[in-house]
Amino acid sequence: MVKCVLLCLLVGLIGSQAQTPTLLRDTIWGEFPSVVRVKTPRENQFCLGTVINSNHVLTSAFCVLSYDRMRIFPARLVRVIGGDISVTPAAITRQTRTGQHIFVHEDYRPHTYENNLAIIRLAEPFHLPSNAIEEAVIRMRIVPEQHPCDVVTWYRAPGTEGNPSQEIPRQQAFNVNIRNRDVCAAERRTEFTLEENSLCTYTTTTIGVVQGDPMFCDGELTSIQSYVFLPPVTGQPQPQPQSQPNLVSTQVRFYLHWIHTQLNRTQPMPGGWNPVEY
């Protein structure tokens, strides 16, 4: 009995230490050079994308669709900004491009966030090689549980009104750890499954993320953020959501065939395409 108690205490202690406290930090030059900003007609919102090659950027389907998710934004109204990590002042290495075509995954499902990916083809390629932009290296290996990774986001820190330098929208990153997929799925209140192509991570504090924010493990592009959900607090008469969210992202390695097909695609998306009807 004593051995059982000691073992249970040890397991609980290890589990409590497994999750490193989540810290939001400013990125530094050259840390995530494949990450770019994507500006669409969606007011006051930047998405992030990742450079696949000099002509193409990977992001979420959500990023390039209208508010009602019924139509793709005209490519010419989408701007992609690379080679910089803040809005102002503009770095000498900044390169700004407009879209030529946008390809949303044909099986994207807005209500379940399945296949939440899109490729933006640029009207003019990025000038590579560059000291501030490079193609992402896609992770091909399985990411083990508890593995530390970094999520890159575009964040404006709250409560910094007294320090104007901190009010500038800029690229930031925070650390996460990979969770067990089945344990994460069991915490969903609406659907108790997570697709094999998904990864679940956990943060120890609430941090704003946008669909399309990339996650890097060991410096390799691993997944694209898809959605967030709050697990209920157990042991309460009425389950209450926790303040620490689970972040679910789409693993890029499962979509390599689709991505490469878009890189060589010669036809645009069908006219009038929307994810509800197709």
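Residues numbered from 1 in each chain as written. Predicted model: local features only at pLDDT ≥ 70, side-chain atom pairs only at ≥ 80, totals over all residues. Heavy atoms only, no water.

By the naming in an unreviewed UniProt entry, the chain is Peptidase S1 domain-containing protein, taken from Anopheles quadriannulatus. In its Sequence similarities (unreviewed entry) section, the UniProt entry covering the chain states "Belongs to the peptidase S1 family. CLIP subfamily." (UniProt positions renumbered as here; feature names shortened; annotations may be inferred.)

> Which residues make up the overall build of the chain, and what values go with them?
Secondary structure assignment for the chain yields three helices and 15 strands. With the model as given, the accessible surface of the chain reaches about 14100 Å², and the carbon-plus-sulfur share is 55%. (Helix = DSSP H or I, 4+ residues; strand = E, 2+ residues; numbered from the N terminus. Areas by Shrake-Rupley, 256 points an atom, 1.4 Å probe, with all protein chains shown as cover.)

> Hey, could you go over the nonpolar core for me, with residue numbers and the actual values?
Looking at soluble globular proteins, one finds that nonpolar side chains tend to be buried together. Leu58, Val104, Ile120 and Ile259 are the most contacted members of the largest nonpolar core, which has 48 residues in total. Going through the elements one at a time, strand E2 (35-39), strand E3 (46-53), strand E4 (56-59), strand E6 (95-104), strand E7 (118-122), strand E8 (148-155), strand E12 (220-229) and helix H3 (256-263) are the ones with two or more residues in this core. Among the nonpolar cores identified, the runner-up in size contains eleven residues, and Val143, Phe174, Ile178 and Cys217 belong to it. (Core = buried A, V, L, I, M, F, W, Y, C linked by side-chain atoms within 4.5 Å. Buried < 20%, exposed > 50% of the residue type's maximum accessible area, 1.4 Å probe, protein only.)

> So, the sheet that holds E2: which residues are in play, and what are the values?
With respect to topology, six strands assemble into a closed barrel ordered E2-E3-E4-E7-E6-E5, the strand pairing being antiparallel. Direction aside, neighbouring strands of the sheet carry axes that sit 40° apart on average. Of the strand pairs in this sheet, E4 and E7 are connected by four bridges, and their pairing is antiparallel. Along E7, the bridge assignment pairs Val57 with Ile120. H3 rests against E3, E4, E6 and E7 of the sheet, and its axis sits at about 25° to E7. (Pairing = 2+ DSSP bridges. Axes fitted to C-alpha atoms, helices over the stretch in contact; angles between N-to-C directions. Contact = heavy atoms within 4.5 Å.)

> Which residues make up the confidence of the model for the chain, and what are the values?
Taken over all residues, the pLDDT of the chain has a mean of 84, while the share at 70 or more is 82%. Looking at the elements of the chain, mean pLDDT is at its lowest for helix H1 (residues 2-18), recorded as 38, and at its highest for E4, recorded as 98. In this model, residues 1-17 is a region of pLDDT below 50 whose contacts with residues beyond four sequence positions or in other chains number zero contacts. (pLDDT = per-residue confidence, 0-100.)

> I'd like to hear about the pattern of salt bridges, residue by residue, with values.
The full count for this structure, using the stated rule, is nine salt bridges. Residue Glu31 is joined to Arg25 by a salt bridge in which the shortest nitrogen-to-oxygen separation is 2.8 Å. Looking at Glu31, the relative accessible area reads 28%, which means it is partly exposed. On the accessibility criterion, Arg25 (30% relative accessible area) is partly exposed. Salt-bridge contacts for Asp84 lead to Arg94; the nearest nitrogen and oxygen are separated by 2.7 Å. Placement of Asp84 in the loop between strand E5 (79-82) and E6 and of Arg94 in the loop between E5 and E6 is noted, with a sequence separation of ten residues between them. Among the residues examined, Asp84 registers a relative accessible area of 7% and is labelled buried. A single salt-bridge network, built from bridges that share partners, covers Arg25, Glu31 and Asp150. (Salt bridge = Lys/Arg side-chain N within 4 Å of Asp/Glu carboxyl O.)

> Can you tell me about the packing of aromatic side chains, naming the residues and giving the values?
The tally for this structure, following the rule as stated, stands at three aromatic pairs. With a centroid separation of 4.8 Å and 20° between ring planes, the pair formed by Tyr113 and Tyr227 is classed as stacked. In this pair, Tyr113 sits in the loop between E6 and E7 while Tyr227 sits in strand E12, placing the two residues 114 residues apart along the sequence. The ring of Phe46 has Lys39 sitting right over it, with the charged end atom 5.8 Å from the ring centre. (Phe/Tyr/Trp six-rings, centres within 6.5 Å; stacked < 30°, edge-to-face > 60°. Lys NZ or Arg CZ within 6 Å of the ring centre and 35° of its normal.)

> Residues and numbers for the side chain of His105, please.
For His105, the location among the structural elements is in the loop between E6 and E7. Excluding anything up to four places from it in sequence, His105 contacts Asn115, Leu117, Tyr255, Trp258 and Trp273.

> Describe the state of the cysteines, naming the residues involved and giving the relevant values.
Evaluated as defined, the whole model comprises two disulfides. A disulfide bridge connects Cys149 with Cys217, and the sulfur atoms are separated by 2.0 Å. Residues Cys149 and Cys217 are joined by a disulfide whose S-S torsion is about 100°; by sign, that bridge is right-handed. Of this pair, Cys149 sits in strand E8 while Cys217 sits in strand E11 (residues 214-217), and the two are 68 residues apart along the sequence. The residues Cys149 and Cys217 share a single accessibility class, namely buried. A disulfide bridge connects Cys184 with Cys200, and the sulfur atoms are separated by 2.0 Å. Measuring the twist about the S-S bond at about 65°, one finds the Cys184-Cys200 disulfide to be right-handed. Pair noted here: Cys184 is in helix H2 (residues 181-186) and Cys200 is in strand E10 (residues 198-202), with a separation of 16 residues, a long-range link. Considered together, Cys184 and Cys200 belong to a single accessibility category, that of buried residues. (Disulfide = S-S within 2.5 Å.)

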